[in-house]
Structures are given as C-alpha cells and as structure tokens.
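Okay, here's what each chain looks like letter by letter:
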Amino acid sequence: MMIENVISRSLRLMFAGSLVLGMQTVYAQETSDNAMQRVEVTGSSIKRLASETALPITSIKADDFVKQGLTTAQEVLSTISMNQSSQSSSQSVGSGTGGQSVADLRGIGSDKTLVLLNGRRIASHPFNGSSVDLNIIPISALERVEVLRDGASAIYGTDAIGGVINFITKRSVKGGSVSVEHYQPQKAGGGDESRLNLSGGYGDLNQDGFNVFGVVDVHRQSALSAADRAFSSSGYIPGKGVDNLSGTTFPANFYDTGNGLVGNPAFASGCVGPNLYKNTAGKNTCAMDVTPFIDAIPKTQQESFLGKASFKLNQDHLATIEYLHSRSTNQAHISPPPMSNIGLLMPSSSPYYPGGSGGVPAVPGLSGQDLDISWRPVASGQRSGYDTSTSDRLVLALEGVLGAWDYNAGLSYSVSKATSAFTGGYLNDQRIIDGIANGILNPFGAQSAAGEAYLQDSVLKGEYLSAKMTSTALDAKISRELFNLPAGDVGFAVGTEFRNEKAEYNVNRELASQASSSGYADALSQSGSRNISALFSELSIPVVKDVELSLAARYDHYNDVGGSFNPKVGLRWQPTNQVLLRSSYNTGFRAPTLYDLHGPQTKTFTANKYNDPRLCPNGVAIPGANDNVACRAQQYIRSGGNPEVKPEKSKTFSAGIVLEPTKSLTMSLDYFNIKLRDKIGTVAEQTLFDNYAKYKDSFVYSADGTRLEYVLATLDNLGEMHTAGLDLGLNWKLPRSQYGNFTFNFDGTWVQKYEYQNERDGEYVQNVGVYGDNAPVFRWRHNASLQWNLNKWSATLSNKYMSGYRDQNYVDPEFEQSVKAYSVWSLSGAYSGFKNTEVTVGVKNLLNQDPPFSNQIGTFQTGYDPRFTDPLGRTFYVRATYKF
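Attention in this report is confined to the structure presented alongside it. (Residues numbered from 1 in each chain as written. Predicted model: local features only at pLDDT ≥ 70, side-chain atom pairs only at ≥ 80, totals over all residues. Heavy atoms only, no water.)

The next point concerns the sheet that holds strand β14 (residues 253-256). The strand order across the open sheet built from four strands is β15-β14-β22-β21, with neighbouring strands paired in antiparallel fashion. Each having just a single partner strand, β15 (262-263) and β21 (345-346) make up the two edges of the open sheet. Relative to strand β22 (residues 371-374), β21 runs antiparallel, the two sharing two bridges. By the bridge assignment, M346 is partnered in β22 with L371. (Pairing = 2+ DSSP bridges. Helix = DSSP H or I, 4+ residues; strand = E, 2+ residues; numbered from the N terminus.)

Printed below as a string of structure tokens:
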C-alpha cells in the first residue's frame, strides 16, 4: 500500500480513527542493519511486520486523551462509535453497581466485551462478575487504546463476542514527570474534577539492559445534585408525560384496614409541603417528587499505581514484572427511605392518629382500625451509600526467541474486591414499625424531641455487602514461519491458557436484613469457583500474491458448564496498492459468569409504577387490597444469579474495504453482522407486568394473598439477538504548509438492524432508533477531530455525535416523543515552548449543550439519560506537565 517505511507508516496510522493496519502491541524497532522486527499485533498471535495485517482496529493515542479532555477510561471509550452504551459512576446512584464503569461494544452487553491490559486479562468487578471496572485502568500510564472491532473468541477467549479492548501501557519510561489538571464546569453546583499524576523511570533497555518505571495517579470528582440542573431537577413534568411521583410520602399516605379508605391528612389543605403534590390518579392522597434528593453525579475518587520492570536477559530474551494497584471510591445520595408495604401499622391509640391528641388533622370516614402507613421519613436525611473497589494484578512474563520460534509466556494473579456500606439515611425497619405502633413517631408531621432522637437512633451504618473475585492464569504461546509458498511465508502460532476463578459474595445479614430499602434484606451469601483451560492455534497462508487466508481455532473447557470449539476464518486481498479487501467469520461461546450462576438475589423496587395485576386489575383495587401499594405504585422485583443458566452462542461475520488513494488519505468501510442465541439476561419488568397471564408464576404473593411480595426476574437464557451495520473511518493528513500541519480523523458507526427476543421463540423487539425495553440503540454515532500543530503550538477541535431516537413510552401515547440528537464540541490548545513544560487549556462542551429531554425511567435520574449524556455543561480545563 505504497509503504516506504514500516515504522513511519505504523506511527502515522496511529492517528487514524479507523485503521488500515493492525496496531502493534509493542513498538517495532529497527536493528543496527535497519532490518524490521516482526511484532505481535492485536487480534493475532503470529508475529509479522505491522504492514502485513488488515484487522479492523480503532486506536486512540494517549496524547488525544488530554486534547479531548478525557479524564477516565470510560470517557475514552465513549469516543469509540461502536461503543453503543456505557455505564459510569452516575449509574451507581441507587442501583448497587459498586460505582463501576463498563464498556459495551455493539450494544450486546458489557459481558461480551473483553477488556485486556497489555494483552492479558484483568479480574472482573465482583458485583456483577462479568465485566472489568474501567475505573481501575491507569489512563496516565497508557500509550494507547486499541479496539478490535470484529469478534475474537478464537484468539482471546469465548467472551470476546462484541470485540476486544486492549489498554496498552508505555513499554518503558526514562526520566520523570509531574502533571496536574483541573476541570471546572461553568455552571455552579459541583462536578469539578482534579488529577495529580507522578511518573518516573530509570534505565535504557537497549543500552543498560533494563528499565524500571512507575506511575501514580489520583483523580477525584465532586458530586453534582440533580437539583442543580434545571433539566434534571424535577420528576414531575405533566406536559411531557413524566410522572415519577412516589406514593410513599411525607406527610404519609395511609390505608384504613377497617374500611379500605385511603387518604392523607395533608390532602384537605392541598398537599402543601416540600416537593409534595396532590395525587395525579384522583385519590385523596398526596404524591412526592423525590428527584431533588438524588445525585446526578456522585462523589468519586480513583487512585492507581502501575509499576513495571523489564530486563534483557540477553539479546533474545526479555523478562518483565508488572504490578497494578487501583482503588476507587464512590459516595452516592438518593431519597430518604420509602417505608411502605412492610407492615407499618398505626393503632388508634397513637397520639398521631388523625384527629387525635397529637395535632394531626382529622380525616372523615376513618373506621378507628389500624392504618397501614406509607411514609418517607425526610427527617432522617438522604440515604447515603459508600462503595469501595480495589484491584491488584501481578504479571510475570518472559518473551523472546528460541531457535526459529518466537515465544511469550506469563503468569498472572488478579484480585478484585468491592464493598458497600450504609453511611446515612437507611433506617431499621423494625424500629420504625415499633415507633409507629407505640406512638413515638409521627409520620404526618414534625417529630417531637423524643421522636427525633428515636429516629436518629434508628439510622443504620456499616458495611452490608462485600465481594471478592480472584483469577490466577498461566498462558504461553509460540509462533514461527513454517515454510515458504510461492506467494510468501506461512505463519503459525499455537498457545494454551489455564485459569482458575473464584468468586465470593458476602452479605452482612445482621445489618442488611434490617433495611428493606437496601435491596439486600433477603439476600444470602454465595460463592463459586471454576477451572478453565484452553488450547488455540492460528495459521496465516499466502494463497496467491496479495491474497492471505487466516485460520484460527480455540477450544475452551469450563469444568462447570462444559467446553466449546470456536473457529475463525479471515481473508485479506490487496488487488492494488491503493485497495485492500478483508473479511472474517467466527463463532463464539460465552459461558455464564460466576455471578450469573451464583450471584445473591436482591429485592428492589421496579423502575416504573405498575398496577398489581391480581390486586389492582385495570387500576381498581379489589376489596381488602391496599390501594396505596397495589395500584400505580413501584412494586418489588427480585433478581440475581441462576445456577441453571446455560452458555450463550454467537456467529459473527464482517467484511470491509480500505482505500488509500494517496499516502495522506486513508478511508475504510466495514460491515458487521452478529447473531447471538440463548442470550443471558432478565425479562424486562414492563414485559412481566404487561403479560401477567404468561408470567403469573413469577408473581409471588403473601400467604394470605393480600400483598405482592415480589416479581421473580432472575437471570435466565432468553431468545436471540441480531445486529448488523457499518463502521466508517477516515484519516486525512493535509499537506504541510506555512500555516501548520492539519490532520482530520473520523470514526462512525451506522446500525442497520438491532432486534432481540425477550424469550425463546418470542416476538422480536426492534431497538434501532427506539428505546426498546431498557435503552436505545443509536442509528448513527461518530467521533470526529481536527488537529493542528505548528512549532510549539497545537490545537484540537473534536465533535461527538449521537443520533436521535423514539423515546420510551410508558404512560400515554399522547406523550410519545423523540429524543433529539446529541452533539458536543470540544476545543483545546497546547503550548510546549516552556522549558520542560507543556500547558494545555481547553473547553469541553464548547457550545454549552444541555442533554436532550428524555422520559426514560431506567435510571434514578430524571429528564435526561445519564448513560449517554453529560449534565455538567460547558467545562473549562487546564493541564500542566513538567518533565525532568
């Protein structure tokens, strides 16, 4: 492809958003006689010249992180167009994720995206056990990030169905540097970020035979309350069909167990109170907007250390030792606890019984029998949780040449730990039940001094959940050229891997059982382990001139779910210097994770409000049913692991063309098609409630049938999923001029089809450009950047774009609407003319674009979707690096 020099060509292509050539996992170097070294490229085990591969890889250089204002690994991956969705710290608010961040290539699930660090696995976050927490990745130690866009199960493992993300650290570091950076939103309220990075290394691999370096990085972000942004401050927007009001309120709603009357003493005066409204369903009760209590962004901090030592044993052998330690903390706030459907009964002897001596207004029609109370004790404060995640990883590796064979072998040990703790606002259920029963607590108004003290003494604090996941692995592979054919050398590689995984989920029953609002009140500790062994091989055959056939196969065996053989076939044809055609086909097999099999079952509220299909059919409570909890209310849903879950299986096909009409312009177009069956997941809550006759066995009621205990929605094998589309890439390096050098990069993904079944043989749910059950799949996403440099100056203008989609429709067809496209521009400039110092200043979200309105209810935040948008608005940042 008109390549003049392999090294310069490889370095030049790192700027491409969608690359022609497979990127190196180590840099190619010239020997003293200018011979080119063969290197291992991401997606292949055969060492070759970087110019000899044609893999669909996207690469982002570490320098671009700063230019685009990217502060975390999750933000870096959000610029990859094929990363359909992502999970960040915002989704930890009220959802029990432990604060983890994950990637989701092709939108088929984070559990089918394989994340590597320097080509080797990292232990998954223990709270879901299926994906790596991106918060542990030390982005300041990275050289680049490479994303292999086609399936790679035959090369890296059975879970690489959606693709592979390879975080590649610097190979060696000489000297030291100190970097500080700060990000400040223009709007007040919080969300500012700061980072301090220290790095240093000693020794030259070529001259001294060794190099040792270390990187320390500390990053923090302050919390941002939903109330501090107009678009997220309210959960009640009747003009747009948003009604996230809660029937568990302060002052409390009640249900008269004697005659079925429902009401609220505050209703007669118009439900006057903070965030209080009259019930929108026409009942004599009040409703409460709890959105202002919620964090849009929680307070987070990440600390990481990466140390690496490399030793040249001789010219043919290199030994390395690498250690990573990372700690991430996450403190999130949500509304005061909902105390309903837990047997909160107020007898007529209580001074706070309506019309009694406690001053609570009388309510006509009361029977004098117990009142079943639905109360949100605002006086106890917001519920506050503190999550801590730590990760440690040690890798011992040896690589080099033995005779005609290149080899690479490693021993790794990874451990990931996570804990969750109550730090405020969570209450002891039984104490609240007793306090209402004995007349100490007033759910309808201000507390007495005794009631206030009682309430504060009922607050729970401490660690209620901990989890640990360990992975010990031994891997080895060798490669060489077997023989020559008329068209070139036949490359061969073979390798093996042995891995042991253990998972522990420990629930502090004594503490968790006291708070139903924690979700873990009924959860039990669980554990599991497995052994995995694999054998894989790869063959590269030059069939005729300019045509190469790649064959790969991998057999994995899990001692608990069995084994699977997965082949991969690839074809590369370069008919001219300016045109390259490529195609691949492979199968995949993803075994259920230890969490899928053994994760503890939790009981939490549904995201939406539903009518109990048995106790409130068609929105009308049957006699004896509590209207406040049976009708148009959040219901309990139970989810968790299932030991009966079976593996997922997939087929992936890709085909593409790369054009390079000139040395300065590279364009690529790749088609992808993925079919997945036996997808592991849970039936969407809306599907369960809309099809009671079909799923009635999943509805579990109390012994007397008067209360829905929960709806069972544990993990299971659902139906199939099909997705297809196109990836587009462009890299254009404009001719040099007196005005500087310009480079334009473009990376885009167009999804032609995305459909899935909620159950085997069920109807397909169309998801492209539509919210679907849980999230939208964007028809089009792109990331584009224009870079300029002149002497000591440089600048970057970048744009991230996501197309609009038809929003979730869960209330009334009258309010069906479309979410607008989301386009964010960022601008930065850098100057390196100071001695040993470089300064970068920039603006994220240059045009101060608010997230588009969405009526989604999949997250605790309201009015927008935090999974795809940023609530901060225009944010200024500055970064300074001093090298010594």
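Back to the text.
With that settled, the discussion passes to the nonpolar core. Counting residues in each nonpolar core, the largest one holds 30 residues, and the members touching the most others are F65, L77, I137, V145, I165 and F167. Mapped by element, the contributors of at least two residues to this core are α2 (62-67), α3 (73-77), β3 (102-105), β4 (113-117), β6 (142-148), β7 (163-169) and β10 (210-221). Those residues in contact with I165 that sit more than four places away from it in its chain are L77, A103, L105, T113, L114, V115, L116, V145, E146 and V147. Membership of the second largest hydrophobic core comes to 27 residues, among which are V93, A503, A515 and A523. (Core = buried A, V, L, I, M, F, W, Y, C linked by side-chain atoms within 4.5 Å. Buried < 20%, exposed > 50% of the residue type's maximum accessible area, 1.4 Å probe, protein only. Contact = heavy atoms within 4.5 Å.)

Next up on the list: the state of the cysteines. Under the criterion given, the structure shown has two disulfides. Disulfide pairing is shown between C271 and C286; the S-S distance is 2.1 Å. As the torsion about the S-S bond is roughly -85 degrees, the C271-C286 disulfide counts as left-handed. With C271 in the loop between β15 and β16 (276-278) and C286 in strand β17 (residues 286-288), the pair connects residues that are 15 residues apart, well separated along the chain. Exposure class is identical for C271 and C286. Each is buried. Two residues share a disulfide in this structure: C616 and C631, whose sulfurs sit 2.0 Å from each other. Between C616 and C631 the sulfur-sulfur dihedral comes to about 110 degrees; the bridge is accordingly right-handed. Taken together, the residues C616 in the loop between β31 (602-605) and α9 (627-630) and C631 in the loop between α9 and β32 (636-639) connect sequence positions 15 residues apart. Comparing C616 with C631, the two get one shared label, buried. (Disulfide = S-S within 2.5 Å.)

Okay, unusual backbone geometry next. The peptide bond linking F250 to P251 adopts the cis configuration, its omega dihedral lying at -5 degrees. Structurally, the position occupied by P251 is in the loop between β13 (242-243) and β14. Notably, N118 is not glycine yet its phi reads approximately 55 degrees, a positive angle. Tracing the chain through its elements places N118 in the loop between β4 and β5 (120-121).

In this section: the pattern of salt bridges. Within this structure, the stated rule accounts for 38 salt bridges. Here D475 and R120 are joined by a salt bridge, their closest N and O atoms 2.9 Å apart. Of this pair, D475 sits in strand β25 (residues 462-485) while R120 sits in strand β5, and the two are 355 residues apart along the sequence. The pair formed by D475 and R120 is uniform in burial state, with each residue classed as buried. Between R554 and E497 there is a salt bridge, with its nearest N and O atoms 2.9 Å apart. Taken together, the residues R554 in strand β28 (residues 547-558) and E497 in strand β26 (residues 488-507) connect sequence positions 57 residues apart. The residues R554 and E497 share a single accessibility class, namely buried. When salt bridges with common partners are traced through the structure, they connect R106, R149, R582, D670 and D727 into a single cluster. (Salt bridge = Lys/Arg side-chain N within 4 Å of Asp/Glu carboxyl O.)

So, about the pairing of strand β27 (residues 526-544). Within a regular beta strand, the side chains point alternately toward one face of the sheet and then the other, so they alternate between its two faces. Alignment of β26 against β27, held across 15 bridges, turns out to be antiparallel. When the bridges of β27 are listed, R499 appears paired with I532. Here 12 bridges tie β27 to β28, and the two strands are oriented antiparallel to one another. In the sheet register, P542 faces β28, and the bridge partner there is E548. In textbook terms, the turn of a hairpin is the stretch between consecutive antiparallel strands, and for β27 and β28 this stretch comprises two residues, one of which, D546, has a positive phi near 70 degrees.

Let's shift gears to the packing of aromatic side chains. Summed over all chains, the structure comprises 23 aromatic pairs. An angle of 15 degrees between the planes, with centres 4.5 Å apart, marks the rings of F605 and Y636 as stacked. Here F605 is found in strand β31, whereas its partner Y636 is found in strand β32, with 31 residues between them in sequence. Taking relative accessible area as the criterion, Y636 reaches 6% and is therefore assigned buried. A centroid spacing of 5.0 Å and a plane angle of 85 degrees characterise the contact between F778 and F868, whose relative ring orientation is edge-to-face. Taken together, the positions of F778 in the loop between β41 (764-766) and β42 (780-790) and F868 in the loop between β47 (837-844) and β48 (875-883) put the pair 90 residues apart, joining distant regions of the chain. Residue F778 shares its accessibility class with F868, and that shared class is buried. Ring pairing ties together the aromatic residues F422, Y426, Y464 and Y520, which thus form one cluster. The ring of F853 carries K240 above its face, with NZ or CZ at 4.4 Å from the centroid. (Phe/Tyr/Trp six-rings, centres within 6.5 Å; stacked < 30°, edge-to-face > 60°. Lys NZ or Arg CZ within 6 Å of the ring centre and 35° of its normal.)

Take the pairing of β14 next. What you see with β14 is no split at all: N253 and Y255 on one side and F254 and D256 on the other are buried throughout. Two elements, β14 and β22, share four bridges in a ladder whose sense is antiparallel. Counted as the bridge partner of F254 is I373 from β22. As paired strands, β14 and β15 are joined by two bridges and run antiparallel to one another. Directly across from F254, in β15, lies its bridge partner G263. Remark: five residues form the turn of the hairpin made by β14 and β15, two consecutive strands paired antiparallel; G260 in that turn has positive phi of roughly 80 degrees.

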